[in-house]
Amino acid sequence: MEGKTREEMGKSMITETWLRKHRSLYLGATRHPFIRSIRDGNIDLSSFKTWLGQDYIFVRAFVPFVASVLTKAWKGSDDSSNDMEVILGGVAALNDEISWFKKEASKWGVQLSDIVPQKANQDYCRFLESLMSPEVEYTIAITAFWAIEAVYQESFAHCLEDGTKTPAELQETCQRWGNEGFGQYCNSLRKIADRQLEKASDDIITKAEATFLRVVEHEVEFWNMSHGGT
Ligand SMILES: Cc1ncc(CN)c(N)n1
């Protein structure tokens, strides 16, 4: 692959080229100290509770974003029936996710109605809102969607690998995003993003790469907020 132009590699490998090019930033999100602390078994439970409450707020803002991606797929996709099925699966998963957050919050004594979104969360939710505009192309929105889900999948799957010391009470959390089915769903999103990028103009590809980077930066900030939170 080394030294080949994008045309020689085939445009379908665009997400692959980004993951290589921005590897250290991406690993900064998927191997963040917050994730490492879960994996090493020394997580501060107040950080976990901060993450839980803040992520519940994030997921509630994520639902309308995903619904907007579904709307864009309806008219903007080359294979809208496939894409809509995959995205609808994502909406269904988010429905479960919201119920899970409620159950988990009561288990940990986190009062969800009292949670005030912190700055990193507000910034991330505002970014999602900007992507919901009808002017934002489907290719950009589906790229963001894939990246958002993929960071969680890779982060939590990392906590489930052999030899990790993830505390028993956090196994279920890690399973939620680290399980194989969620991994397959992320692969489906990635395939859609790559297919869209393959036929996109250079301008859209540049915009999509910038969007990918912003997602990863927001994810790092989100972990930072949880890790340092009280
Ligand atoms: C911040 C964040 N990023 C991604 C996900 C996975 N839906 C999430 N729940 N929260």
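So, here is what we can say about the structure in this document. From a predicted model like this one, the values you see are computed outputs, not experimental measurements.

1. Side note on helix α3 (residues 23-30)
Those residues of α3 lying buried are Tyr26, Ala29 and Thr30. Summarising the axial view, the buried residues of α3 lie within an arc of 90 degrees, below the 170-degree limit, and thus occupy one face. On its buried face, α3 is in contact with α2 (14-21), α4 (33-39), α8 (138-158) and α11 (202-228).

2. Some thoughts on the nonpolar core
Core analysis: the biggest nonpolar cluster contains 73 residues, and Trp51, Phe65 and Phe145 have the highest contact counts within it. With 13 residues, α8 is the single largest residue contributor to this core. Setting aside residues up to four positions removed in sequence, Trp51 forms contacts with Phe34, Trp100, Phe101, Tyr152, Phe156, Thr173, Trp177, Phe222, Trp223 and Ser226.

3. Structural notes on the packing of aromatic side chains
Evaluation of the coordinates by the stated rule reveals 29 aromatic pairs. Measuring from centroid to centroid gives 6.3 Å for Phe65 and Phe145, while their planes differ by 80 degrees, and the two rings are edge-to-face. With Phe65 in helix α5 (residues 45-76) and Phe145 in helix α8, this pair connects stretches of sequence that are 80 residues apart. Taking the relative accessible area as the measure of exposure, Phe65 reaches 0% and is therefore buried. Three or more aromatic residues joined by ring pairs make a cluster, and in this case those are Phe34, Phe48, Trp51, Tyr56, Trp100, Phe101, Trp108, Tyr152, Phe156, Trp177 and Trp223. When the ring centre of Trp74 is taken as reference, the NZ or CZ atom of Lys75 above it lies at 4.0 Å.

4. Examining the site of the ligand
As a structural note, the neighbourhood of the ligand is formed by Asp55, Phe58, Val59, Phe62, Glu97, Tyr124, Ile148, Glu149, Tyr152, Trp177, Glu219 and Phe222. Here a nitrogen atom of the ligand and a side-chain polar atom of Glu149 are 2.7 Å apart. One of the side-chain nitrogen or oxygen atoms of Glu219 is found 2.7 Å away from a nitrogen atom of the ligand. A total of 290 Å² of accessible area belongs to the ligand in isolation, and the protein chains cover 100% of it. The cavity where the ligand resides is the largest cavity. Of the residues forming the shell around the ligand, the biggest block, four residues, is contributed by α5. Across the shell around the ligand, the residue classes tally to eight nonpolar, no polar and four charged.

5. Points about empty space enclosed by the protein
Over the atoms rolls a probe the size of a water molecule, and its path tells where empty space is left. Counting across every chain of the model gives one cavity of 30 Å³ or more. Looking at the largest cavity, its volume works out to about 100 Å³. Those elements giving two or more residues to the lining of the largest cavity turn out to be α5, α8 and α11. For the lining of the largest cavity, the leading source of residues is α5, giving four residues. Split into classes, the residues belonging to the lining of the largest cavity amount to eight nonpolar, no polar and four charged.

Rules used in this analysis
- The numbering scheme is per chain: residues are counted from 1 as the chain's sequence reads.
- In keeping with the predicted nature of the model, local features appear solely for residues at pLDDT of at least 70, side-chain atom pairs appear and are counted solely at 80 or more, and the whole-chain, interface and lining totals rest on all residues.
- The basis for the side-chain values is all heavy atoms of the structure; hydrogens and waters are excluded.
- Only protein chains enter the accessibility calculation, which uses a 1.4 Å probe. A residue is then buried if its area is under 20% of the maximum for its type, exposed if over 50%, and partly exposed in between.
- Counting from the N terminus, the helices are the DSSP runs of H or I reaching at least four residues and the strands are the DSSP runs of E reaching at least two.
- Each direction from the helix axis to a C-beta atom contributes to the arc, which is the arc of those directions.
- Residues count as neighbours in contact if any of their non-hydrogen atoms are within 4.5 Å of one another.
- What we call a nonpolar core is a set of buried Ala, Val, Leu, Ile, Met, Phe, Trp, Tyr and Cys residues that are connected through their side-chain atoms within 4.5 Å.
- Only Phe, Tyr and Trp rings are paired, with Trp represented by its six-membered ring, and only when their centres lie within 6.5 Å; those with planes under 30 degrees apart are stacked, over 60 edge-to-face, the remainder tilted.
- Only when the NZ atom of a Lys or the CZ atom of an Arg is both within 6 Å of the ring centre and within 35 degrees of the ring normal do we say a charge sits over the ring.
- Each residue is tested against the molecule or strand, and it is near if at least one of its non-hydrogen atoms lies within 4 Å.
- As used in this structure description, the phrase polar contact means that two N or O atoms lie within 3.5 Å; if the pair is within protein, one of them must be able to donate a hydrogen and the other to accept it, and residues adjacent in sequence are counted only when both atoms belong to side chains.
- Surface accessibility in these figures is a Shrake-Rupley result with a 1.4 Å probe; residues are shielded only by whichever protein chains are displayed.
- Definitions used throughout: a 1 Å grid over protein atoms alone; a cavity as a set of points that fits a 1.4 Å probe which cannot get out; a pocket as an open set with protein on both sides within 12 Å along at least five of seven lines; a lining residue as one with an atom within 4 Å of a point.
- A cavity or pocket is said to hold a molecule if more than half of that molecule's atoms lie within 2 Å of its grid points.
- Following the grouping adopted for this structure description, the nonpolar residues are Ala, Val, Leu, Ile, Met, Phe, Trp, Tyr, Cys and Pro, the charged ones are Asp, Glu, Lys and Arg, and the polar ones are all others, Gly among them.
- Grid points are joined across faces, edges and corners, and a volume is the space filled by probe spheres set on the points.

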